[in-house]
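# Tertiary structure, described
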Amino acid sequence: MKLLKKIPGMVGALQRHNRIVLPRLTFARLVNLCVLGIEMLFRRPKLISKPVVAKIEACSACNLSCEGCRSGHLIVEYPAGNMSTEDFGIVLDKMGKYLFEIVFYNWGEPLMNKKVPELVKMAHQHNISVIISTNLHYLTEEMGDRLLEAQLDKLIFCIDGWSQESYQQVRIGGDFDLVINNIKRFIDQRNKAGMKKPYLEWQYVVTQRNRPELAMARSAAGDWGVDRFVELVDWSQRLDDKSYFNGLDKAWEKMRGKRNRCFWLWSSIAMQYDGNVFPCCHVANKPYEDRIFGNLVSSSLDEVWNGPKYRMARQYLRSKRRIEEGDFICKECNTPPIFIEETK
């Protein structure tokens, strides 16, 4: 019965990705996916299957200081850098035949890396779909042309408000007129090229201050031909809510006796621009030893994916959090995941 209750959510998750994932299905990926499902079901610590989704930081720097984002609150301590085509080629050679999807962002602004269109093309050569999430400030006309030429699969963009005053309260340091002009021009470029890709998703972080402008933004999305408009909760409120962090401690104690339902350790990989691999994107913001599970540029996929830290973390969740030895970040995880860290 518990499995039946989860099916609607699983179907919803698949529907959100099937537009760009299903065309990439191959026999090898199908077999890998089936094995992955079995290994996740039984929580195997050492895996035969390989990751099917990779979240890779194209650029670790960001030009904004957004409310609710770790970059904006200086919780991201990773040195600034860009993913190179050379390193990306190495990574693709090691796991490209298993991946359905590459997501080119963690905590930075991907379009600050001028080679992103080249990275998209390289992924497509391995028959992998690509998603980018951007704040639009670097979506110039030239970059737009290059992304269209590369046939980017999906572009997520964030505009939270319908005036400079409300927008800058979330996207601190942002230029409302610039981002509006950039996305309108890009949509016009896409239309003139007669292309349906990239699929466009507008994400709007709803706050008490910009809620009155929500209807205007939604209307504009419809007028411009944006494919999907998404309202997001205001995560920045958690930074000021001390009771939320107290609640995390209680949640952690409550979950100690339950099997963790984490999917990252069995299906997905999070990687910084330099090849360092992390157990999930939520902790890929600091170059600490307990967070880094290996390096996919200098090591083989199996050395990383079935390395000591990955096996220990999977065993830790399988054993209902009873393992004490080993230094790895998953010991600090709560379920559901911690999306915002308290500034110390």
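Details of the structure are given in the entry above.
So, a few notes on the structure that sits alongside this text. All values derive from a computational prediction rather than experimental measurement.

Before going further, it helps to spend a moment on the sheet that holds strand β9 (residues 294-295). Strand order across the open sheet formed by nine strands is β6-β5-β4-β3-β2-β1-β7-β8-β9, with mixed pairing between neighbours. With one partner strand each, in any of the chains shown, β6 (228-232) and β9 form the two edges of the open sheet. The pairing of strand β8 (residues 276-278) with β9 spans two bridges and is classified as antiparallel. Directly across from V277, in β9, lies its bridge partner G294.

As enumerated under the stated definition, the model contains 14 aromatic pairs in all. Aromatic pair Y78 and Y273: ring centres 5.8 Å apart, planes at 85 degrees, arrangement edge-to-face. Here Y78 is found in the loop between β1 (53-56) and α3 (85-95), whereas its partner Y273 is found in the loop between β7 (268-271) and β8, with 195 residues between them in sequence. With centroids separated by 5.9 Å and ring planes inclined at 25 degrees, the aromatic side chains of F263 and W264 adopt a geometry described as stacked. Through pairs of rings, three or more aromatic residues link up here, namely F157, W162, Y167, F176, W202, Y204, W224 and F229. Over the aromatic face of W266 sits the side chain of R43, whose NZ or CZ is 5.1 Å from the ring centroid.

At a closest axis distance of 9 Å, the pairing of helix α4 (residues 116-125) and helix α5 (residues 141-150) adopts a crossing angle of 5 degrees. In terms of axis orientation, α4 runs roughly parallel to α5. Counted together, V116, P117, E118, V120, K121 and H124 of α4 and M143, R146, L147, E149 and A150 of α5 form the full contact between these two elements. Among the residues making up the contact of α4 with α5, the classes are represented as six nonpolar, one polar and four charged.

Simply put, the disulfide is a covalent bond whose two ends are the sulfur atoms of two cysteines. The tally for this structure, following the rule as stated, stands at zero disulfides. C262 provides the cysteine sulfur closest to C330, a residue in no disulfide bond, and the two sulfurs are 6.6 Å apart. With relative accessibility at 10%, the residue C330 sits in the buried group.

All right, on to the packing of α3 against α4 then. Where α3 contacts α4, the axes come no closer than 11 Å and their chain directions differ by 20 degrees. The orientation of α3 relative to α4 falls into the category roughly parallel. In the crossing of α3 with α4, the sense of the turn from one axis to the other is right-handed. Every residue of α4 that contacts α3 at T85, F88, G89 and L92 is listed here: E118, L119, M122 and A123. Residue classes in the contact of α3 with α4 are distributed as five nonpolar, two polar and one charged.

Before going further, it helps to examine helix α7 (residues 176-192). In this model α7 runs 24 Å from its N-terminal to its C-terminal C-alpha over 17 residues, within 8% of the 24 Å that 1.5 Å per residue would give. For α7, the secondary structure elements touched by its buried residues are α5, β4 (154-158), α6 (164-170), β5 (199-205) and α8 (214-224). Where α7 begins, one side-chain oxygen reaches toward the backbone nitrogen of D177, 3.2 Å away; that side chain belongs to D175. In the stretch just after α7, G194 is the one whose phi turns positive, near 70 degrees.

Of all residues except glycine, most have a negative phi; of all peptide bonds, most are trans. With an omega of 5 degrees, the peptide bond running from K197 to P198 counts as cis. Here P198 shows up in the loop between α7 and β5. For R43, which is not glycine, the phi torsion reads 55 degrees and is therefore positive. Residue position: R43 is located in the loop between α2 (27-41) and β1. Of the residues examined, R43 reaches a relative accessible area of 9% and is grouped as buried.

So, how was this worked out
Residues numbered from 1 in each chain as written. Predicted model: local features only at pLDDT ≥ 70, side-chain atom pairs only at ≥ 80, totals over all residues. Heavy atoms only, no water. Pairing = 2+ DSSP bridges. Helix = DSSP H or I, 4+ residues; strand = E, 2+ residues; numbered from the N terminus. Phe/Tyr/Trp six-rings, centres within 6.5 Å; stacked < 30°, edge-to-face > 60°. Lys NZ or Arg CZ within 6 Å of the ring centre and 35° of its normal. Axes fitted to C-alpha atoms, helices over the stretch in contact; angles between N-to-C directions. Parallel < 35°, antiparallel > 145°, perpendicular 65-115°, else oblique. Contact = heavy atoms within 4.5 Å. Nonpolar A, V, L, I, M, F, W, Y, C, P; charged D, E, K, R; others polar. Disulfide = S-S within 2.5 Å. Buried < 20%, exposed > 50% of the residue type's maximum accessible area, 1.4 Å probe, protein only. Left-handed = near helix turned anticlockwise from the far one by under 90°. Expected span 1.5 Å × (residues − 1). Polar contact = N/O pair within 3.5 Å; in protein donor to acceptor, adjacent residues only side chain to side chain.

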